[in-house]
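Chain by chain, the residues run as shown.
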Amino acid sequence: MTSAPLPRILRRRGEPEYPTFLELFFDLVYIFMFSRLAASLAADLTVRGALQTAVLLLAAWWVWVLTAWLTDLFNPRLPIIQATVLLVMLGTLLMAIATPYAFGRYGWLFVAAYFGIHLVRDAVLIPGTRVNRPIQARSIRVFFWFGVTVAPWVAGVFVDETARLVLWSLAVAVDLGSARFGWPTPRLGRTELASQIFTGVHLSERHRAIFIVALGELILSIGMGLAGSGFTAGQVATSAVAFVSAVLLFQLYFQRVQRILAPPSVATVERVRPGTSTSYSHLVMVAGVVVVSASTLTVIDQPSGRAPVELMAAILGGPALFLLGSVLFDAVVTGRMLWSRVLAIVVLGALMAPATFLLPPLAALVLANLVLLLTLVGEGLAARDRRRAPAAAPSL
């Protein structure tokens with residue numbers, strides 16, 4: 001990559017590629033973050049509420065992605081890197097605390113924590129890589145683009161809710177979009193993502209871990225929702241159906257991952273597309289789980305009766321969003337479209353109108369689970385047929 005000496009804080013080739021306990025500990029704060037996002041969305045199931053939740057989720061996700069890259073590129077066993085991760089964890093906790101009020105009186109806390117995280121990280125990485133300018137330039141480019149977006153983030157704190165949503169949407173879009181193009185920076189050019197030293201297995205495991213964390217938040221929401229209810233038959237049934245939803249999402253994710261990601265392909269895909277296409281597709285899947293969690297909280301409170309269109313959109317849209325993310329991830333890894341899940345998305349969309357006018361919320365939740373179950377069974381049968389096909393061929 002370069003003839004310059006490698007900085008001491010850089011991860012060396014051949015070092016263990018699996019996440020450290022500190023990285024898994026860091027992920028725990030995202031259970032709280034996702035729960036705050038789901039509760040905020042459940043409290044405001046409107047288009048505005050959905051957009052606000054999306055902006056906050058994107059900012060929180062970007063912090064997680066940059067931390068995953070940090071521990072992938074740099075040695076996570078060094079005390080300076082460990083201290084940096086813990087400070088980022090503290091900042092993420094503050095962001096999560098501010099989340100329900102980020103578009104109200106605590107917008108300043110959310111922005112201060114968000115940029116405090118980036119300042120701490122870059123204050124460690126930029127000086128720590130000074131012996132190797134090409135590597136140092138990566139962190140400088142990231143820092144430059146956060147300097148670009150600081151203006152709309154800070155300006156959003158001082159305007160009303162609608163203007164804040166516009167400014168923050170622009171800011172977070174630039175934050176994520178600049179990475180997709182390698183953070184092009186005056187005089188420094190841009191980072192060639194495909195040439196970086198990302199460890200395929202490590203990033204793959206980090207993505208799996210954050211998805212498990214999202215499912216953990218869904219389980220937490222189910223338990224907290226039921227514990228705070230009156231334990232009526234409808235509320236207990238809703239919790240049981242929501243638990244089945246979590247199981248189906250788990251099976252749909254991990255069974256597909258096991259089929260398409262053998263270790264060699266993990267390393268190849270994650271190195272070529274480090275944290276861009278793979279991270280964005282996982283973002284969509286995690287967003288789907290957050291929406292499922294929000295709809296579950298609402299349905300536990302209101303399992304029967306006429307449901308508003310917004311609630312039905314969340315009940316059916318959460319699974320559809322997860323399936324969309326899994327289709328995108330499959331396309332990144334295999335280069336092919338997973339048509340079974342595309343069909344499931346179409347079916348969920350087609351069910352929107354009849355479900356809204358004919359079904360109570362609990363029945364719609366059951367219907368969404370049925371679509372997920374049929375998709376899972378269909379893919380399992382198709383995979384079994386493919387395994388049997390080579391054995392049957394010689395007898396023809």
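Below is a short write-up of the structure.

Conventions used here
- Residues numbered from 1 in each chain as written.
- Predicted model: local features only at pLDDT ≥ 70, side-chain atom pairs only at ≥ 80, totals over all residues.
- Heavy atoms only, no water.
- Helix = DSSP H or I, 4+ residues; strand = E, 2+ residues; numbered from the N terminus.
- Expected span 1.5 Å × (residues − 1).
- Buried < 20%, exposed > 50% of the residue type's maximum accessible area, 1.4 Å probe, protein only.
- 1 Å grid on protein atoms, 1.4 Å probe; cavity = no way out; pocket = protein on both sides within 12 Å on 5 of 7 lines; lining within 4 Å.
- Points joined across faces, edges and corners; volume = space filled by probe spheres on them.
- Nonpolar A, V, L, I, M, F, W, Y, C, P; charged D, E, K, R; others polar.
- Phe/Tyr/Trp six-rings, centres within 6.5 Å; stacked < 30°, edge-to-face > 60°.

## A closer look at helix 3 (residues 47-73)
For helix 3, which comprises 27 residues, the first-to-last C-alpha distance of 38 Å matches the rise-based estimate of 39 Å (1.5 Å per residue) to within 8%. Most of helix 3 sits out of view: 21 of its 27 residues are buried.

## Here's the deal with empty space enclosed by the protein
In this structure the tally under the stated criterion is 3 cavities of 30 Å³ or more. By volume, the second largest cavity is sized at about 50 Å³. Around the second largest cavity, the lining residues are Ser245, Leu249, Val292, Ile315, Pro319, Leu365, Ala368, Asn369 and Leu372. Going through the elements one at a time, helix 9 (233-260), helix 12 (309-334) and helix 15 (361-392) are the ones with two or more residues in the lining of the second largest cavity. Among the elements that take part in the lining of the second largest cavity, helix 15 stands out by supplying 4 residues, more than any other. A class-by-class count of the residues in the lining of the second largest cavity yields 7 nonpolar, 2 polar and no charged.

## A closer look at the layout of surface pockets
Computed from the structure, the largest pocket encloses a volume of approximately 320 Å³. Lining the largest pocket are 17 residues, with Leu41, Thr46, Ala50, Thr53 and Val291 sitting closest to its centre. Looking at the lining of the largest pocket, the element that brings in the most residues is helix 3, giving 6 residues. Partitioning the lining of the largest pocket into residue classes produces 14 nonpolar, 2 polar and 1 charged.

## Some remarks on the packing of aromatic side chains
Tallied over the full model, the rule gives 19 aromatic pairs. Look at Phe110 and Trp168: their rings are 6.0 Å apart centre to centre, the planes differ by 25 degrees, and that puts the pair in the stacked class. A residue pair is termed long-range when its members are at least 10 positions apart, and Phe110 in helix 5 (residues 107-128) and Trp168 in helix 7 (residues 161-180) qualify at 58 residues. Comparing Phe110 with Trp168 shows no difference in burial state: the two are buried. Considering the side-chain rings of Tyr114 and Trp153, the 4.9 Å spacing of their centres and the 50 degrees angle between planes classify their relative orientation as tilted. Taken together, the residues Tyr114 in helix 5 and Trp153 in helix 6 (residues 133-157) connect sequence positions 39 residues apart. For the pair formed by Tyr114 and Trp153, the shared burial category is buried. Members of the aromatic cluster, joined through ring pairs, are Phe103, Phe110, Tyr114, Phe115, Phe146, Trp153 and Trp168.

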